[in-house]
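Results of the structural survey
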Amino acid sequence: MELARRLVRSNSANAYGDPLSRLAGEIEEDRSSLLSIMDDLDVSVDRVKLAAGWAAEKVGRLKLNGRLLSYSPLSRMMELELLELGVAGKLSLWHALHQIAPAEPRLKGAKLERLIERAGGQREELEVLRRRAVSDAFPAPDRL
């Protein structure tokens, strides 16, 4: 969520802003769905893993982007790649839950098919944005 929010903040004034804002909203909804599923399955939030994920997101900001203090096209590209990886992981989780759902009555109302479909769409949209970000970060010589 932190990464998605930062992408929205950093790109609100450009063509990436609207799709990223919508995706961040969907990711927030997916997080709520996950927390609800965890509650249904009596799985508690692991505070250590949560803190480690938060710290990793902060460390992820420290990158060689060609600019010491400002956001760059390379920053955008790298952050989109990380977000796409996160969505891929989420999609794998939804698939795993869907696989065990027939034997787990507590997953009956989880709407996993919808979550799988939405994560697949998010992944496709992020790939389109990532490809555009690659072109922005590494313009062809004739575009310079």
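Residues numbered from 1 in each chain as written. Predicted model: local features only at pLDDT ≥ 70, side-chain atom pairs only at ≥ 80, totals over all residues. Heavy atoms only, no water.

**A look at the pattern of salt bridges**
Side-chain pairing between opposite charges can occur once the charged atoms of the two side chains come close. Following the criterion strictly, the structure yields 14 salt bridges and no others. The partner of E28 in a salt bridge is R5, and the shortest N-O contact between them spans 2.9 Å. Here E28, found in helix 2 (residues 17-40), pairs with R5, found in helix 1 (residues 2-11); they are 23 residues apart in sequence, far enough to count as distant. The partly exposed category is assigned to R5, whose relative accessible area is 38%. Taking the shortest distance from any N to any O, the salt bridge between R22 and E26 comes out at 3.0 Å. Of this pair, R22 and E26 both sit in helix 2, four residues apart, roughly one helical turn. What emerges from the salt-bridge pattern is a single network uniting E81, E84, E127, R130 and R131. (Salt bridge = Lys/Arg side-chain N within 4 Å of Asp/Glu carboxyl O. Helix = DSSP H or I, 4+ residues; strand = E, 2+ residues; numbered from the N terminus. Buried < 20%, exposed > 50% of the residue type's maximum accessible area, 1.4 Å probe, protein only.)

**A short note on the packing of helix 1 against helix 4 (residues 73-100)**
For the pair helix 1 and helix 4, the least separation of the axes is 10 Å and the interaxial angle reads 150°. The orientation of helix 1 relative to helix 4 falls into the category roughly antiparallel. The handedness of the crossing between helix 1 and helix 4 is left-handed. Residues L3, A4, R6, L7 and N11 of helix 1 pack against R76, E79, L80, L82 and L83 of helix 4. In the contact of helix 1 with helix 4, the residues fall into six nonpolar, one polar and three charged. (Axes fitted to C-alpha atoms, helices over the stretch in contact; angles between N-to-C directions. Parallel < 35°, antiparallel > 145°, perpendicular 65-115°, else oblique. Left-handed = near helix turned anticlockwise from the far one by under 90°. Contact = heavy atoms within 4.5 Å. Nonpolar A, V, L, I, M, F, W, Y, C, P; charged D, E, K, R; others polar.)

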